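Residue-level structure breakdown
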Amino acid sequence: MINVLIIDDDFMVAKVHAGFIQRTPGFAVVGVAHTGAQAMAETARLMPDLVLLDIHLPDINGLDLMQKLREVAPELDVLVISAAREVETVRKALRGGIVHYLIKPFSQTDLQERLEHYRSAYQGLDSSKDVAEQSDVNRVFGLDRTERPLPKGCSIETLKLVEAALKEADGDLSAAEVAVQLGTSRVSARRYLEYLHDEGVLEVRLKYGVGRPERRYVLRGAVA
């Protein structure tokens, strides 16, 4: 489980972001801070794996805070979530070693895609391997060429979220159920599910009732 600390001066925004994270498989919100001082204290107390960091805080600039947080927790990863759009601000954040920069406002799917990329790429570089392969490094920087091609308008991050939802399900799922879990539209969810079916990853089961049968999806080889 990846433990996340949310740092945002807006109480309601922080609550919304916490809900997004809690609905993302493999992540847990362990704390919330609304000022730089609170963030320092909570980071020292909780030692999270990842912080979602707003730049505009009442007592310190978020990018200055980022350096202080790493003095407390050197292994801390930072994902910036901010309304700040200035190019120099983005450059400074990148030079500070962030894992991503997400501009407010954003959707649940937007955040989940970044979190899934972080989980699969950054967390994939674990200590079980003494030496990293080029493919490992490519994955971190979003240059992995091994992924199968996707239909236009689809992203590999959302595809992985859909696969994760099927893996964690007790049985089969409909497009509507997947859409609710991921916070996306039913049409979008079905596009990913049908793609995975065409690739041989999923099986389709028809549930008969009133009207057209419902298409339900399950990982191929899963117990009925």
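Before going into details, it helps to say that this report is about the structure given with it. Everything quoted here is computed from the prediction, not taken from an experiment.

1. Considering the sheet that holds strand 1 (residues 2–7)
One open sheet holds the five strands; their spatial order is 2-1-3-4-5, and the pairing between them is parallel. The strands lining the two open edges of the sheet, one partner per strand, are strand 2 (27–33) and strand 5 (100–103). Between one strand and the next, the sheet's axes are offset by a mean angle of 20 degrees, whatever the strand orientation. Of the strand pairs in this sheet, strand 1 and strand 3 (residues 50–53) are connected by four bridges, and their pairing is parallel. Bridge pairing in strand 3 links Ile6 to Leu52.

2. Quick word on the nonpolar core
One recurring pattern in soluble globular proteins: nonpolar side chains tend to sit buried together. Core analysis: the biggest nonpolar cluster contains 20 residues, and Ile7, Leu53 and Val80 have the highest contact counts within it. Mapped onto this core, the elements with two or more residues apiece are strand 1, strand 3, helix 3 (62–72) and strand 4 (77–82). With four residues, the top contributor of residues to this core is helix 3. Excluding anything up to four places from it in sequence, Val80 contacts Leu53, Ile55, Leu63, Ala93, Ile98, His100, Tyr101 and Leu102.

3. A few points about the pattern of salt bridges
Applying the stated criterion across every chain yields a total of 13 salt bridges. Across the pair Arg205 and Asp172 runs a salt bridge whose closest N-O atoms are separated by 3.9 Å. A residue pair is termed long-range when its members are at least 10 positions apart, and Arg205 in strand 7 (residues 202–207) and Asp172 in the loop between helix 7 (156–168) and strand 6 (173–174) qualify at 33 residues. Under the relative-accessibility criterion, Arg205 is labelled partly exposed at 24%. Several salt bridges share partner residues, and in doing so they unite Asp172, Glu177, Arg205, Glu214 and Arg216 into one network.

How each quantity is defined
- Residues numbered from 1 in each chain as written.
- Predicted model: local features only at pLDDT ≥ 70, side-chain atom pairs only at ≥ 80, totals over all residues.
- Heavy atoms only, no water.
- Pairing = 2+ DSSP bridges.
- Helix = DSSP H or I, 4+ residues; strand = E, 2+ residues; numbered from the N terminus.
- Axes fitted to C-alpha atoms, helices over the stretch in contact; angles between N-to-C directions.
- Core = buried A, V, L, I, M, F, W, Y, C linked by side-chain atoms within 4.5 Å.
- Buried < 20%, exposed > 50% of the residue type's maximum accessible area, 1.4 Å probe, protein only.
- Contact = heavy atoms within 4.5 Å.
- Salt bridge = Lys/Arg side-chain N within 4 Å of Asp/Glu carboxyl O.

Bear in mind that shape data such as this cannot, by itself, settle questions of function.
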